[in-house]
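A look at the structure
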Amino acid sequence: MNLRFLFFVVFLSAPWMAWAGSESPLTTGLPLPRFASLQADEANLRTGPGTRYPIEWVYRLEGMPLEITAEYDVWRRVRDWEGSEGWIHKSVLRGRRTGIVIGQTDQPLMANEDLDSAVVAYLQPGVVGEIRRCARDSCFLVFGRFKGYLPKSSFWGAYRAEVFG
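So, a few notes on the structure that sits alongside this text.

Conventions we followed
Residues numbered from 1 in each chain as written. Predicted model: local features only at pLDDT ≥ 70, side-chain atom pairs only at ≥ 80, totals over all residues. Heavy atoms only, no water. Helix = DSSP H or I, 4+ residues; strand = E, 2+ residues; numbered from the N terminus. Buried < 20%, exposed > 50% of the residue type's maximum accessible area, 1.4 Å probe, protein only. Contact = heavy atoms within 4.5 Å. Areas by Shrake-Rupley, 256 points an atom, 1.4 Å probe, with all protein chains shown as cover. Disulfide = S-S within 2.5 Å. Phe/Tyr/Trp six-rings, centres within 6.5 Å; stacked < 30°, edge-to-face > 60°. Lys NZ or Arg CZ within 6 Å of the ring centre and 35° of its normal.

**Some details on the overall build of the chain**
- When helices and strands are counted, the chain shows one helix and 14 strands.
- Classification of the 165 residues of the chain by burial places 36% in the buried group.
- Here the contacts in the chain between residues at least 6 apart in sequence split such that 53% fall between residues at least 24 apart.
- A total accessible area of about 10,200 Å² is found for the chain, and carbon and sulfur atoms account for 56% of it.

If you want it as structure tokens, here you go:
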């Protein structure tokens, strides 16, 4: 009789266990990888997902774009534009898209998508702007009072084939 009861309990709980496993509380279910930005002016990048792991870097650039590559509970594994990777608490991230100017020289911010158009400003490497929309080859960004288009090869924070806005 006990064996029959045990079989009955296991048989009935199996679908529940399968369902519970598919709705993991450890992830958001949002696509990975994806970009986010730093909403704090100071954030610790750790070697693992928790405060018991050592701090590897301290980021001090509010708005800096980060690529989220994995999730574990309230922790996000991120990569920065220089390739450094680690874990950061979700509370210091936001979904607002930003881009950081890359390269060795100033990059021209163009007036429109035609990259032969008038130059609005020259942007130094390391400057962060908000990405408003992206087309196939370029994106529209806002850098303080300057607005314009940058080719995707001039900044880090959007995927090559990504189109939005």
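**Points about the environment of Gly95**
- Position of Gly95 among the secondary structure elements: in the loop between strand S7 (93-94) and strand S8 (98-101).
- The exposure class of Gly95 is exposed, given its relative accessible area of 62%.
- Between the C-alpha atom of Gly95 and that of Ser37, which follows or precedes it by 58 residues, the distance is 6.4 Å.

**So, the state of the cysteines**
- Tallying each qualifying case throughout the model produces one disulfide.
- Between Cys134 and Cys139 runs a disulfide, and the two sulfur atoms are separated by 1.9 Å. Here Cys134 and Cys139 share a disulfide; its torsion about the S-S bond, 105 degrees, makes the bridge right-handed. Each member of the pair, Cys134 as well as Cys139, carries the same accessibility label: buried.

**A look at the packing of aromatic side chains**
- A full pass over the atoms with the stated rule returns three aromatic pairs.
- An angle of 40 degrees between the planes, with centres 4.6 Å apart, marks the rings of Phe35 and Tyr159 as tilted. Placement of the pair is Phe35 in strand S1 (residues 34-38) and Tyr159 in the segment after strand S14 (155-156), with a sequence separation of 124 residues.
- By way of ring pairs, the aromatic residues Phe35, Trp156 and Tyr159 are connected into one cluster.
- It is Arg133 that lies over the ring of Phe140; its NZ or CZ is 4.3 Å from the centre.

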